[in-house]
Amino acid sequence: MMKRAAAIAAVLVLGVSGAATAATQRPADDHQSGRQTADRSLIVGGTLAATSEAPWAVALITSFQPSTQVCGGALVRPNKVITAAHCMTEPPSSFAVVQGRSDLAMDGGRVAAVSRVWIHPGYNTQHRRNDFAVLTLARPITGVPLIRLETNPKADRRGVVPTVYGWGETQDTGPSDTFHKLRVPVLGDAACLANKGYATGGYAASTNICAGYLDGGRDACQGDSGGPLVLNGRLLGTVSWGRGCAEPGYPGVYAEIASAARTLQAEIKR
Ligand code: 4AZ
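Summarised in this report is the structure supplied together with it. (Residues numbered from 1 in each chain as written. Predicted model: local features only at pLDDT ≥ 70, side-chain atom pairs only at ≥ 80, totals over all residues. Heavy atoms only, no water.)

This next bit is on the pairing of strand 7 (residues 133-137). Each regular strand carries side chains that alternate between the two faces of the sheet. Summarising burial for strand 7: 5 of the 5 residues are buried, a large majority. Burial along strand 7 is two-sided: A133, L135 and L137 and V134 and T136, pointing in opposite directions, are all buried. The pairing of strand 4 (residues 80-83) with strand 7 spans 4 bridges and is antiparallel. Note on strand 7: the bridge partner recorded for T83 is A133. The sheet contact formed by strand 6 (residues 110-119) and strand 7 spans 5 bridges and is antiparallel. (Buried < 20%, exposed > 50% of the residue type's maximum accessible area, 1.4 Å probe, protein only. Helix = DSSP H or I, 4+ residues; strand = E, 2+ residues; numbered from the N terminus. Pairing = 2+ DSSP bridges.)

As structure tokens, then:
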């Protein structure tokens, strides 16, 4: 439990440090508070999901014992996973992916070590744009449906309702370390850009998707990062950042796959 909290805190520090800069109206230590690490983790306000509904969803875990869930990802080739660049805080050998395991406290599913990590060259921790990493697996996960990338930059139009999947924090809205899903309406870039903290924190209409609920209560959260946002059977986005989780006025920010599709496809085919 402590290990998990520590790892979440590590992801938090890296993943939200930019958000802390952005949300200057809040005390910086708000992100490190017990509220964040003890009560909050993974998808908030979602429902339980079967991994068979989303067989391409993977949990990124640490490869050393006791292993800890750190992020999500999507299987796009038998040996390639798309996740978030900000999840890659350790060398490749520190990570493994798990597919087909709803409750991470149980056995089952398939586990593959990570042998190589590619980070999108346009990513940096200041603006957090292009928050993409491609993992190469040491052994392919075969016989599992893959998810295709959305290549149309207009697919993220306001009003569509993709689903986000993950094993992340639930803020006590469900069991932790258990696969959840949540439908999150795309709010349009203006909804996130209207938020000063988000605008100065690096939100970019061309490369981000703003999705969730302005009244709060339902959102992706720590541990969901890198996980799939899916519309019409295609990978529309990946969980990237936000100020806290499920807070009114602070929807989720996703990295827009279509904006990087060519670069990602080239990397995936290698
Ligand atoms: C994170 O730190 C994170 N509420 C992921 C998603 C969201 C916030 C933070 C969105 O990994």
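With respect to spatial proximity, 12 residues lie near the ligand, and among them D219, A220, Q222, S225 and G244 are the closest. Within the backbone of A220, a nitrogen or oxygen atom sits 2.8 Å from a nitrogen atom of the ligand. At 2.4 Å, a side-chain N or O of S225 approaches an oxygen atom of the ligand. Considering the ligand on its own, with 300 Å² of exposed area, one finds that the protein chains cover 100% of that surface. Considered class by class, the residues forming the shell around the ligand number 6 nonpolar, 5 polar and 1 charged. (Near = heavy atom within 4 Å. Polar contact = N/O pair within 3.5 Å; in protein donor to acceptor, adjacent residues only side chain to side chain. Areas by Shrake-Rupley, 256 points an atom, 1.4 Å probe, with all protein chains shown as cover. Nonpolar A, V, L, I, M, F, W, Y, C, P; charged D, E, K, R; others polar.)

Bringing the environment of S240 into the picture now. Within the secondary structure, S240 sits in strand 13 (residues 234-241). Using a relative accessible area of 2% as the deciding quantity, one classes S240 as buried. Along the backbone, S240 and Q222 are 18 residues apart, and their C-alpha atoms lie at a distance of 9.7 Å. Residues in contact with S240, not counting those within four places in the same chain, are H86, R128, D131, S225, V253, Y254 and A255. (Contact = heavy atoms within 4.5 Å.)

The next thing to look at is helix 5 (residues 261-269). Buried within helix 5 are the following residues: A261, L264, E267 and I268. Take helix 5 and look down its axis: the buried residues cluster within an arc of 130°, on one side only. Turned more than 90 degrees off the buried face of helix 5, the exposed positions are R262 and K269. Each element contacted by the buried residues of helix 5 is listed here: strand 3 (69-77), strand 4, strand 6, strand 7 and strand 8 (148-149). (Arc of directions from axis to C-beta.)

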